[in-house]
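Below, each chain spelled out in residue letters.
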Amino acid sequence: MYIGGEFVNSTSGIKLESRCPGNNEVIGLFPEAGVSEVNQAVDAAFDCFNDGEWSDVKNSVNRGRLLREIGAKLRDRVDEFAELESLDSGKTITESSLIDVHMAADTFEYYADLSSQIYGDVLPVPANVLDFTLREPLGVCGAIAAWNFPLLFAAWKIAPALATGNTVVYKPAELTSLSSLELCKIFDEVFLPAGTVNIVTGTGAIVGQAINDHPKISKVSFTGSTKVGKIIQERASKTLKKVTLELGGKSPNIVFSSADINNAVSGALNAVFFNGGQCCIAGTRLLLQDSIYDEFLEQLVQRAKKIKVGEPLDWDARMGPVISAHQRDQILNYIESARDEGCKILCGGGEPSEKPNPNGFYIEPTIIEVPNNQVTVCQEEIFGPVLSVLKFSDEEEALKIANDTEYGLASGVWTQDIKQAFRVGKKIQAGQVWINQYLTLSPFAPHGGYKKSGFGKDLSKYCLDEYTQIKNIFVDLEDGEYICLYE
Ligand code: NAD
């Protein structure tokens, strides 16, 4: 782990195993921290923040320089990080090397540029005063992340916190901690001041909870399930922490009859099978207008059947294994529930007959025709390569089905009718709407949900609000002229 600028073990000496989901072999060991390591990390981050130098506005250009250097070093080591990320998480090497590592670097660079652009306003108070605001850091920010985009989440949480002058205690998911630990070597190489970033590995129940409960931590940024998100918010209230929650989704992807069918089929496949469907923003409910339903489904199923499921380091694979045996079994149970509820499996529906590796956790790309939006696979997050397909007749019905979910993370709209695109986009209850596209994220654009998908934004300039607090300074410019009621 990385605490106070030192690489350390846990005091208990206990290690956790990281296993490759592609073959279930152990690829690394890492320390299992306890509460005492969280306390050490928080103390290091607290001391560093209170020292004042790191967070001082005079240091903003230096903070930007350090973030840029981290981005550059990540780019120098794309192949190495991509391989580690794929082995640890199971995602295909194509995905981690073309997307994840580059976007992590992009994120550090984006916030490098913003670090000297964080300022308040001068306010036109109607009196002879100078009233202005300062945008100040919060202090020690805790961050707890899910396992599906390990390196990216480390970048998404750490870069904006540092750009705004905070210090950080970060816990990666226990299933995929290795790339975050590797990132610490880069922090060390660029001489990030000791205590600015501390990475503590271990379980949610111990390390996550200790971060969430710690009185010296001012804010917790959480990415994970809605179930744990509720615990985070409830427990954080005991110390009145600021909380941001990036939670689950059950996102609709709506295709109208005027859409470019070929592009929309590509978009629908991308929406649900990217990262083996283990994406919070996955477009898992495909809504097709009745007039194009049969033609669209035929193309979709044909192309889904051709997706190569392979081992994480197979460059030809377009889908890797899912993260664990537990996750595989959960996904298979959902597919079984669909069968029980009268749905029709159009392709996939189980483990591949010839698994890329007999010990890995592989699931076929699965498409299910469902009778209505009330079936379990349309209401609950599956977090696997499973698409439910629904039919609608008009815009009103499409919106009704799209919004009939407790989640509100992302959505897609496919149409050549520009007015329809805006109309529908505005009425979807979700934090993200892609029009004639699905899945592209950028550090420039906010990411975060509505409804039970959480609140607060990761990425973009909006995220700076989550890591700063506003101080108002009021300067009286007319000595003794203000009204005093107490002569
Ligand atoms: P999870 O909620 O089980 O775990 C997330 C993190 O919380 C892990 O680091 C875990 O160790 C920790 N944790 C668990 N219990 C805790 C507790 N009591 N106190 C503090 N920390 C605790 O989620 P997961 O299985 O790792 O990830 C999958 C979920 O994450 C899905 O629901 C998915 O939609 C969601 N997700 C959301 C986003 C987003 O940006 N909205 C992104 C990725 C994943």
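Refer to the structure printed above.
Residues numbered from 1 in each chain as written. Predicted model: local features only at pLDDT ≥ 70, side-chain atom pairs only at ≥ 80, totals over all residues. Heavy atoms only, no water.

Caption draft 1: Local environment of the overall build of the chain. Of the regular secondary structure elements, the chain holds 15 helices and 22 strands. With respect to the three principal axes, the spread of C-alpha positions in the chain is 80 × 60 × 40 Å. A buried classification covers 57% of the 487 residues belonging to the chain. In the chain, 73% of the contacts between residues at least 6 apart in sequence involve partners at least 24 apart. A total accessible area of about 20300 Å² is found for the chain, and carbon and sulfur atoms account for 52% of it. Each charge sign in the chain was given a centre, from 44 positive and 65 negative side chains, and these centres are 3 Å apart. (Helix = DSSP H or I, 4+ residues; strand = E, 2+ residues; numbered from the N terminus. Buried < 20%, exposed > 50% of the residue type's maximum accessible area, 1.4 Å probe, protein only. Contact = heavy atoms within 4.5 Å. Areas by Shrake-Rupley, 256 points an atom, 1.4 Å probe, with all protein chains shown as cover. Lys, Arg positive; Asp, Glu negative; His and termini not counted. Charge placed at Lys NZ, Arg CZ, Asp CG, Glu CD.)

Caption draft 2: A look at the sheet that holds strand β16 (residues 386-392). Read across the open sheet, the seven strands follow the order β14-β15-β16-β13-β12-β18-β19; overall the sheet is mixed. The sheet is open, and its two edges are formed by β14 (344-347) and β19 (434-435), each paired on a single side. With four bridges joining them, strand β12 (residues 252-255) and strand β13 (residues 285-289) adopt parallel strand pairing. Opposite I254, over in β13, you have L287 as the bridge partner. (Pairing = 2+ DSSP bridges.)

Caption draft 3: Quick look at the packing of helix α3 (residues 78-89) against helix α4 (residues 93-114). Contact geometry for α3 and α4: axes closest at 8 Å, N-to-C directions at 120°. By the angle between their directions, the pair α3 and α4 is classed as oblique. Pair α3 / α4 crosses with right-handed handedness. When α3 is examined against α4, the residues V78, F81, A82, E83, E85 and S86 are found in contact with a partner set consisting of I93, S96, S97, V101 and H102. Each residue belonging to the contact of α3 with α4 can be placed in one class, and the counts come to five nonpolar, four polar and two charged. (Axes fitted to C-alpha atoms, helices over the stretch in contact; angles between N-to-C directions. Parallel < 35°, antiparallel > 145°, perpendicular 65-115°, else oblique. Left-handed = near helix turned anticlockwise from the far one by under 90°. Nonpolar A, V, L, I, M, F, W, Y, C, P; charged D, E, K, R; others polar.)

Caption draft 4: Expanded view of the site of the ligand. Taken together, 26 residues sit near the ligand, with A145, E174, S225, E381 and H447 positioned nearest. For the ligand, an oxygen atom lies 3.2 Å from a polar atom in the backbone of G204. A distance of 3.5 Å is found between a nitrogen atom of the ligand and a side-chain nitrogen or oxygen belonging to Q209. Summarising the interface, the protein chains cover 88% of the accessible area of the ligand, which totals 850 Å² for the free molecule. (Near = heavy atom within 4 Å. Polar contact = N/O pair within 3.5 Å; in protein donor to acceptor, adjacent residues only side chain to side chain.)

Caption draft 5: Structural detail: the side chain of H214. One can find H214 in the loop between α7 (204-213) and β10 (217-223). Given the relative accessible area of 10%, H214 is considered buried. Side chain to side chain, H214 and N39 meet in a polar contact 3.3 Å long. At a separation of 3.0 Å, a polar atom in the side chain of H214 contacts the main-chain amide nitrogen of K216. Setting aside anything within four residues of it in sequence, one finds H214 in contact with N39, V42, T239 and K241.

Caption draft 6: Up close: the nonpolar core. If you look at the biggest cluster of nonpolar residues, it comprises 94 residues, and the most contacted ones within it are L74, F108, Y111, I158, F187, F296 and L300. With eleven residues, helix α5 (residues 150-163) is the single largest residue contributor to this core. The residues touching L74, leaving out its near neighbours within four places in the chain, are F81, V101, A104, A105, F108, L151, L183 and I186. L287, I331, I368 and V386 belong to the second largest nonpolar core, which has 28 residues in total. (Core = buried A, V, L, I, M, F, W, Y, C linked by side-chain atoms within 4.5 Å.)

Caption draft 7: Inspection of unusual backbone geometry at higher detail. Here F191, not a glycine, exhibits a phi torsion of approximately 60°, which is positive. Mapped onto the secondary structure, F191 falls in the loop between α6 (178-189) and β9 (197-199). Positive phi values are uncommon outside glycine, yet K451 reaches one of about 50°. Mapped onto the fold, K451 is located in strand β20 (residues 450-451).

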